[in-house]
Amino acid sequence: MVLAWIGLGSNMADPAVQVSGAIGRLGQEPQLTLEQASSLYRTAPLEYLEQANFINAVVRVSTILGAEQLLERLVRIESELGRTRSGNRYGPRVIDLDLLLFADETHRTPALMVPHPRLYQRLFVLAPLAEIEGDMRLPDGSNLGSRVAACTGQRVERMSAAATTAAIDGMTNGASH
């Protein structure tokens, strides 16, 4: 078994419900064990700013899959959950599952770049990762805490458990009317 970390994000179609549902879906996936999930985080968009805020989280999984197999599984799950890959690369999305880290390995192929190529510059991934892993050592030898501290000017707000539950309940109840 190897540990891997997956970033999740959504800013469409009830984002808290989408991210929570994707976490649940990962927990049901064969050959994957959901080890830990961060809180949900409300985050401002980067790159393409003319869109709604995102809800983000990070999970740690253990798996017998290789990195490429895990990435294929994540792309399949995204598709099953309604993700389409057209339009702006940084634009709105119903769900996004990114393979952030795969053990302490580095992969550089046309299909797979691990660690995720923008991991070290994105607080919306680093903050939830730090929540579940503390000041872990990253594959490049740096510490997670120093990477978090270096990400200035990015709006990332950890949602309380009550706010997360209320957001999911409110969106679910509102969708059923």
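Our subject is the structure listed above.
Thresholds, definitions, all that
Residues numbered from 1 in each chain as written. Predicted model: local features only at pLDDT ≥ 70, side-chain atom pairs only at ≥ 80, totals over all residues. Heavy atoms only, no water. Patch = residues over 30% accessible without salt bridge, like charges linked within 9 Å, V, L, I, M, F, W, Y side chains within 5 Å. Areas by Shrake-Rupley, 256 points an atom, 1.4 Å probe, with all protein chains shown as cover. Salt bridge = Lys/Arg side-chain N within 4 Å of Asp/Glu carboxyl O. Lys, Arg positive; Asp, Glu negative; His and termini not counted. Charge placed at Lys NZ, Arg CZ, Asp CG, Glu CD. Helix = DSSP H or I, 4+ residues; strand = E, 2+ residues; numbered from the N terminus. Buried < 20%, exposed > 50% of the residue type's maximum accessible area, 1.4 Å probe, protein only. Pairing = 2+ DSSP bridges.

Draft legend 1. Structural view of a negative patch on the surface. Taken together, the side chains of Glu68, Glu72, Asp104 and Glu105 present a region of like negative charge at the surface. Within the secondary structure, Asp104 sits in the loop between β5 (96-102) and β6 (107-108). Take Asp104: its relative accessible area is 63%, and that puts it in the exposed class.

Draft legend 2. Highlighting the pattern of salt bridges. In total, this model carries ten salt bridges according to the counting rule given. Here Arg25 and Glu29 are joined by a salt bridge, their closest N and O atoms 2.3 Å apart. The exposure class assigned to Glu29 is buried, which follows from its relative accessible area of 5%. Note that Arg158 and Glu131 form a salt bridge whose closest N and O atoms lie 3.3 Å from each other.

Draft legend 3. Structural view of the pairing of strand β1 (residues 2-10). Of all nine residues that make up β1, eight are buried, and the element is covered over most of its length. In this structure, β1 lies alongside β5, joined through six bridges in antiparallel fashion. When the bridges of β5 are listed, Ile6 appears paired with Leu99.

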